[in-house]
Amino acid sequence: MRKRCCLEQIAPAGRSPLPVLAWLTVGLLAGSLMACRQRAAPVSPELDPVRRHIGKDGTHFEASLGDTRALPPHFPPHLQLPNAAVVSSGQIWDRGGGLASLILQTSQPLEEIAVYYRRTLWGRGWDLLSDLEQANGIRTLVFESPPHPEQSLYQAVIQVGSPRRGPDQVEYRDILILLSTVAPVGKAQPAAVASP
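Fair warning: this is a prediction, and the values are worked out from it, not measured in the lab. (Residues numbered from 1 in each chain as written. Predicted model: local features only at pLDDT ≥ 70, side-chain atom pairs only at ≥ 80, totals over all residues. Heavy atoms only, no water.)

S.K.: Any chance you could break down the side chain of S88 for me, citing the residues and the numbers?
M.R.: Position of S88 relative to the elements: it lies in strand β3 (residues 85-94). The class for S88 is buried, based on a relative accessible area of 15%. Filtering out sequence-adjacent residues up to four positions away, S88 remains in contact with S64, L65, G66, D67, S101, L102 and I103. (Helix = DSSP H or I, 4+ residues; strand = E, 2+ residues; numbered from the N terminus. Buried < 20%, exposed > 50% of the residue type's maximum accessible area, 1.4 Å probe, protein only. Contact = heavy atoms within 4.5 Å.)

What follows is the structure in structure tokens.
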């Protein structure tokens, strides 16, 4: 004895189960569209795109995608490479100090990026502490801000990632910039006193 199809059982006698299947498909599709449809949230000026978190130990975390809103006010604007897209920004801090990060994306050649940072930071009195290029195309530059009695002493680590091809066949690189406090305000040593 052969089992009868479920659709044949619910179809009226003498009719094909195809119209029933069509109506069920339309009903399921319409139901799923209604269930999956996202309701537009009202846009409020108070809506903050920066995600914030305070850890149990009092450590603060802030992050933002696609903009620089999570950067602290003291983050030097010249650390942002011109014509580079911002991927994300963030910072972490506690009573002992903090670290700010910025991730950029650019199609500029590696040497052009390195030259920009070397000229721009050196022109503002920053010292180049290290410039390392790895075999896989990664380059890391480390700078230290000039000592100043009324400003904190900072170190900037700029790591230019290895190239990768985008969907448009253009070569892109990610740039990670980390800015950390070396000495708080008033404790920055003058260049002559600082140890080598």
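Let us keep going from here.
S.K.: Account for the side chain of E144, with residues named and values stated.
M.R.: If you trace the backbone, E144 turns up in strand β6 (residues 139-144). Residues within four places of E144 in sequence aside, it is in contact with W126, D127, L129, L153, Y154, Q155 and V182.

S.K.: Quick one: what's the story with the pattern of salt bridges, residue by residue and with numbers?
M.R.: Throughout the structure, instances matching the rule amount to seven salt bridges. Note that E111 and R139 form a salt bridge whose closest N and O atoms lie 2.9 Å from each other. Residue E111 is located in helix α3 (residues 110-123), and its partner R139 is located in strand β6; the two are separated by 28 residues in the primary sequence. By relative accessible area, which is 7% here, R139 ends up buried. Notably, a salt bridge pairs R118 with D131, separated by 2.4 Å at the nearest N-O pair. Of this pair, R118 sits in helix α3 while D131 sits in strand β5 (residues 127-133), and the two are 13 residues apart along the sequence. (Salt bridge = Lys/Arg side-chain N within 4 Å of Asp/Glu carboxyl O.)

S.K.: Can you tell me about the pairing of β3, naming the residues and giving the values?
M.R.: Along a regular strand, successive side chains alternate from one face of the sheet to the other. When strand β2 (residues 60-65) meets β3, the two strands line up antiparallel, connected through six bridges. The partner of L65 across the bridge, within β3, is S88. Hairpin connection between β3 and strand β4 (residues 97-106): a loop of two residues separates the two successive antiparallel strands. (Pairing = 2+ DSSP bridges.)

S.K.: Outline a nonpolar patch on the surface, listing residues and values.
M.R.: Nonpolar side chains collect at one region of the surface, where F61, I92 and L99 lie side by side and expose about 220 Å² of accessible area between them. Given the relative accessible area of 35%, F61 is considered partly exposed. (Patch = residues over 30% accessible without salt bridge, like charges linked within 9 Å, V, L, I, M, F, W, Y side chains within 5 Å. Areas by Shrake-Rupley, 256 points an atom, 1.4 Å probe, with all protein chains shown as cover.)

S.K.: Account for the environment of V170, naming residues and giving values.
M.R.: Within the fold, V170 resides in the loop between β8 (164-165) and β9 (171-183). Once the C-alpha coordinates of V170 and S107 are considered, the two residues, 63 residues apart in sequence, prove to be 7.1 Å apart. Those residues in contact with V170 that lie beyond four places of it in its chain are S107, R164 and R165.

S.K.: Pulling in residues and values, what's your account of the pairing of β2?
M.R.: Pairing of strand β1 (residues 51-54) with β2, which is carried by four bridges, proceeds in the antiparallel orientation. The residue bridging H53 from the neighbouring strand is F61, located in β2. The loop that links β1 with its antiparallel partner β2 comprises five residues; one of these, G58, has a positive phi angle of about 90°.

S.K.: Can you explain the nonpolar core? Please cite residues and give values.
M.R.: One finds Y117, I175 and I177 to be the most contacted residues of the largest nonpolar core, which totals 22 residues. At the level of secondary structure, the elements contributing two or more residues to this core comprise β4, α3, β6, β7 (153-160) and β9. In this structure, I177 is in contact with F75, L79, A100, S101, L102, L104, Y117, V157 and I158, ignoring residues within four places of it in sequence. (Core = buried A, V, L, I, M, F, W, Y, C linked by side-chain atoms within 4.5 Å.)

S.K.: Break down the confidence of the model for the chain for me, citing the residues and quoting the values.
M.R.: Reading fine detail from the predicted coordinates is not recommended where pLDDT is low. Across the chain, the average pLDDT comes to 76, with 68% of residues at or above 70. Averaged pLDDT values over the elements of the chain bottom out at 37 in helix α2 (residues 18-36) and peak at 96 in β6. The low-confidence segment residues 1-12, where pLDDT is below 50, has ten contacts with residues more than four positions distant or belonging to other chains. Residue range residues 15-45 is modelled with pLDDT below 50. Its contacts to residues more than four positions away, or to other chains, number nine contacts. (pLDDT = per-residue confidence, 0-100.)

S.K.: How would you summarise α3 if you had to cite specific residues and measurements?
M.R.: Note: α-helices contain 3.6 residues per turn, so residues at a spacing of three or four share the same orientation. Spanning 14 residues, α3 covers 20 Å between terminal C-alpha atoms, matching the ideal 20 Å at 1.5 Å per step. Of the residues making up α3, those classed as buried are L110, I113, A114, Y117, T120 and L121. Seen from one end, α3 has its buried residues packed into an arc of 150°, which puts them on one side. Away from its buried face by more than 90 degrees, α3 exposes R119, W122 and G123. Just past α3, the residue G125 takes up positive phi, approximately 90°. (Expected span 1.5 Å × (residues − 1). Arc of directions from axis to C-beta.)

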